[in-house]
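# Examination of the molecular architecture
Single-letter residue listing:
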Amino acid sequence: QVQLVESGGGLVQPGGSLRLSCAASGSIFRINSMDWWCQAPGKQRELVAAITSGGITNYADTVKGRFTVSRDNAKNTVYLQMNSLKPEDTAVYYCHADVELLTTRLEYSYWGQGTQVTVSS
């Protein structure tokens, strides 16, 4: 099986920074894309940032210029550097990956358990 493990969330003041990480492990042949999503209370889960295996990135307009997504393909790990945090960034952040499995070479989607980010004075 494939597992995504997230870390790096916590409580931070407005204007502060956090770095989230997500490490994938298991029967992985290749990870095609890795994404970060967030879900605030009473809101729909939304895409924050995405990165392909080739390093092409995409960001939500609300985080553009403040957040940076990167990946280390050798470690099957994706990162989200979060700067200039705002109270409206408060949410549970989830890692997602499209993974080709070793056994079948078919692609499946996997989700991390989520990590809480709280931005408050």
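Read on for an overview of the structure. (Residues numbered from 1 in each chain as written. Predicted model: local features only at pLDDT ≥ 70, side-chain atom pairs only at ≥ 80, totals over all residues. Heavy atoms only, no water.)

### Quick notes on the state of the cysteines
Quick reminder of the rule: Throughout, a disulfide means two cysteine sulfur atoms within 2.5 Å of one another. Burial classes: relative accessible area under 20% of the type maximum marks a residue as buried, over 50% as exposed, and values in between as partly exposed (1.4 Å probe, protein chains only).
Considering all chains together, one arrives at one disulfide under this definition. As a non-bridged cysteine, cysteine 38 has cysteine 95 as the owner of its nearest cysteine sulfur, 14 Å distant. When its relative accessible area of 14% is taken as the criterion, cysteine 38 is described as buried.

### Notes on the packing of aromatic side chains
Put simply, the rule reads: When two rings of Phe, Tyr or Trp (its six-membered ring) have centres within 6.5 Å they constitute a pair, described as stacked for plane angles under 30 degrees, edge-to-face for angles over 60, and tilted for the intermediate range. Only DSSP runs of H or I with at least four residues qualify as helices, and only runs of E with at least two residues qualify as strands; both kinds are numbered from the N terminus onward. By definition, being over a ring means that NZ of Lys or CZ of Arg is both within 6 Å of the ring centre and within 35 degrees of the ring normal.
Summed over all chains, the structure comprises one aromatic pair. On the basis of an interplanar angle of 65° and a centroid distance of 5.7 Å, the ring pair of tryptophan 37 and tryptophan 111 is categorised as edge-to-face. Placement of the pair is tryptophan 37 in strand β4 (residues 28–39) and tryptophan 111 in strand β10 (residues 107–111), with a sequence separation of 74 residues. Relative accessible area serves as the criterion here: at 23%, tryptophan 37 is assigned to the partly exposed category. The ring of tryptophan 111 carries the charged tip of arginine 45 above its face, separated from the ring centre by 4.8 Å.

### With respect to the pairing of strand β5 (residues 46–52)
A regular strand places its side chains so that they alternate between the two faces of the sheet. The line we're drawing: Each pair of strands is called paired provided DSSP finds at least two bridges between the two strands.
Pairing analysis gives six bridges linking β4 to β5, with the strands arranged antiparallel. Bridged to cysteine 38 within β5 is glutamate 46. In sequence, β4 turns back onto β5 through a hairpin of six residues, with glycine 42 there showing a positive phi of about 75°. As defined by bridge partners, β5 adjoins strand β6 (residues 57–59) across three bridges and the pair is classed as antiparallel. Among the inter-strand pairings, alanine 50 is bridged to a residue of β6, identified as asparagine 58.

### Focus on the side chain of arginine 71
Rule in force here: In this tally Asp and Glu are treated as negative and Lys and Arg as positive; neither His nor the chain ends contributes. The salt bridge criterion pairs a side-chain nitrogen of Lys or Arg with a carboxyl oxygen of Asp or Glu, the two atoms within 4 Å. Between N or O atoms, a polar contact is any pair within 3.5 Å; within protein, one atom must be a potential hydrogen donor and the other a potential acceptor, and residues adjacent in sequence are included only when both atoms are from side chains. Should any heavy atoms of two residues lie within 4.5 Å, those residues are considered in contact.
Summarising the element assignment, arginine 71 is placed in strand β7 (residues 67–72). For the buried arginine 71, which has no salt bridge, the nearest side chain bearing the opposite charge is aspartate 35, at an N-O separation of 7.6 Å. From its side chain, arginine 71 meets the backbone oxygen of isoleucine 31 in a polar contact 3.0 Å long. Of the polar contacts made by the side chain of arginine 71, one reaches the backbone oxygen of threonine 52; its length is 3.1 Å. Dropping the residues within four chain positions of it, arginine 71 is found in contact with Ile31, Asn32, Ser33, Met34, Ile51, Thr52, Ser53, Thr77 and Val78.

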